[in-house]
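Coordinate inspection notes
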Amino acid sequence: MRIDILCLFPEMFVSPFAHSIVRRAEERGLVEVISHNIRDFAHDRHATVDDYPYGGGAGMVLKPEPVFEAAEYVRHSTRSSDSPVVLLTPGGRLFSQGIAAELSAHSHLTLICGHYEGVDERVAEHLATDELSIGDYVLTGGELAAMVVVDAVVRLLPGVLGCHESAADDSHADGLLEYPQYTRPEEFRGWRVPPVLLSGNHAEIAAWRRRQSVLKTAARRPDLLNNVTLSDKERAWILESL
Ligand code: ADE
């Protein structure tokens, strides 16, 4: 997969992608992440990328011309005409594990990082194929949001995670939060690991984990249960826990 990021601060991506799983994926040739400075596509002497908002109001707006030209440069150099072009903006639809999985199925992805008070609406209307927000809060720019999206997408690419770090049990992978995990020591400062996990009984362990996932999701994120099919027994666990 190739991911092109159009932004005003490409240096921000150097350190986060120089470590950990994204770096390993790049080294193995499973992904190539390239960040471009939108300013390089401005035409005037001052490399202007922002301007005052029509109609007045506070702040500046990212101009459409350099953003379109940067995206067109990427489209020509990758010869990809129908890959997703995602604008990161607090007004986008909420990013989720499901969207990460959808995006990871493409061989090419372009991410556009907004800045200032906003991005000229013609970018959203005529260039982006999707607008994503990583949460209901406002960041100073789309770069951090793009990092979040890249990280969540790259770890789902086939071969990126080893089988011992499979994504299948992740929180959100099946619509539920993940069950609690423990490692050695068996007792730490008087707090013991739940005995069932030491029992060696795989069926009982799986049942305990499922119950923990269901109860944790019901307690912390009941909204997620609307999109999950639970058995009558599982629904009874929730009722008992209330
Ligand atoms: N840019 C600023 N805030 C953002 C957010 N919450 N999600 C995506 N892009 C953003």
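In this text the structure is predicted, and so the values were computed from the model without any measurement.

About the cut-offs
Residues numbered from 1 in each chain as written. Predicted model: local features only at pLDDT ≥ 70, side-chain atom pairs only at ≥ 80, totals over all residues. Heavy atoms only, no water. Domains from an automatic or database assignment. Axes fitted to C-alpha atoms, helices over the stretch in contact; angles between N-to-C directions. Helix = DSSP H or I, 4+ residues; strand = E, 2+ residues; numbered from the N terminus. Parallel < 35°, antiparallel > 145°, perpendicular 65-115°, else oblique. Left-handed = near helix turned anticlockwise from the far one by under 90°. Contact = heavy atoms within 4.5 Å. Nonpolar A, V, L, I, M, F, W, Y, C, P; charged D, E, K, R; others polar. Pairing = 2+ DSSP bridges. Core = buried A, V, L, I, M, F, W, Y, C linked by side-chain atoms within 4.5 Å. Buried < 20%, exposed > 50% of the residue type's maximum accessible area, 1.4 Å probe, protein only.

Before going further, it helps to examine the domain arrangement of the protein. For the protein, the domain assignment lists domain 1 (2-154) and domain 2 (170-241). Measuring from the centre of the C-alpha atoms in domain 1 to the corresponding centre in domain 2 gives 37 Å.

So, about the packing of helix 7 (residues 202-220) against helix 8 (residues 232-241). Following both chains from N to C, one finds helix 7 and helix 8 inclined at 55°, their axes separated by 10 Å at the closest point. In terms of their interaxial angle, helix 7 and helix 8 are classed as oblique. As helix 7 packs across helix 8, the resulting crossing turns out to be right-handed. Two secondary-structure elements touch here, helix 7 through Ala207, Arg210, Arg211, Val214, Leu215 and Ala218 and helix 8 through Glu234, Trp237, Ile238, Glu240 and Ser241. Tallied by class, residues from the contact of helix 7 with helix 8 come to six nonpolar, one polar and four charged.

Attention shifts here to the pairing of strand 5 (residues 85-94). When strand 5 meets strand 6 (residues 108-113), the two strands line up parallel, connected through four bridges. In the strand pairing of strand 6, leucine 88 is matched with cysteine 113. One ladder, built from five bridges, connects strand 5 with strand 8 (residues 130-133); its direction is parallel. What sits directly across from leucine 88, in strand 8, is leucine 132.

Next up on the list: the nonpolar core. Counting 30 residues, the largest nonpolar core has Ile3, Ile5, Leu103 and Leu111 as its most contacted members. Counting only elements with at least two residues in this core, the list comes to strand 1 (2-7), helix 2 (20-27), strand 5, helix 4 (97-104), strand 6 and helix 6 (143-154). At eight residues, the largest contribution of residues to this core is made by helix 6. If near-sequence neighbours (up to four positions away) are discounted, leucine 111 is found in contact with Ile3, Asp4, Ile5, Leu6, Val86, Leu88, Ala146, Val149 and Val150. If you look at the next biggest cluster of nonpolar residues, it comprises 21 residues, including Ala42, Ala124, Leu127 and Ala128.

To continue, consider the sheet that holds strand 3 (residues 50-51). Spatially, the three strands line up as an open sheet ordered 3-4-7, and their pairing is mixed. Of all the strands in the sheet, just strand 3 and strand 7 (118-119) have a single pairing partner and so form its edges. The pairing of strand 4 (residues 61-62) with strand 7 spans two bridges and is classified as parallel. Note on strand 7: the bridge partner recorded for valine 61 is glycine 118.

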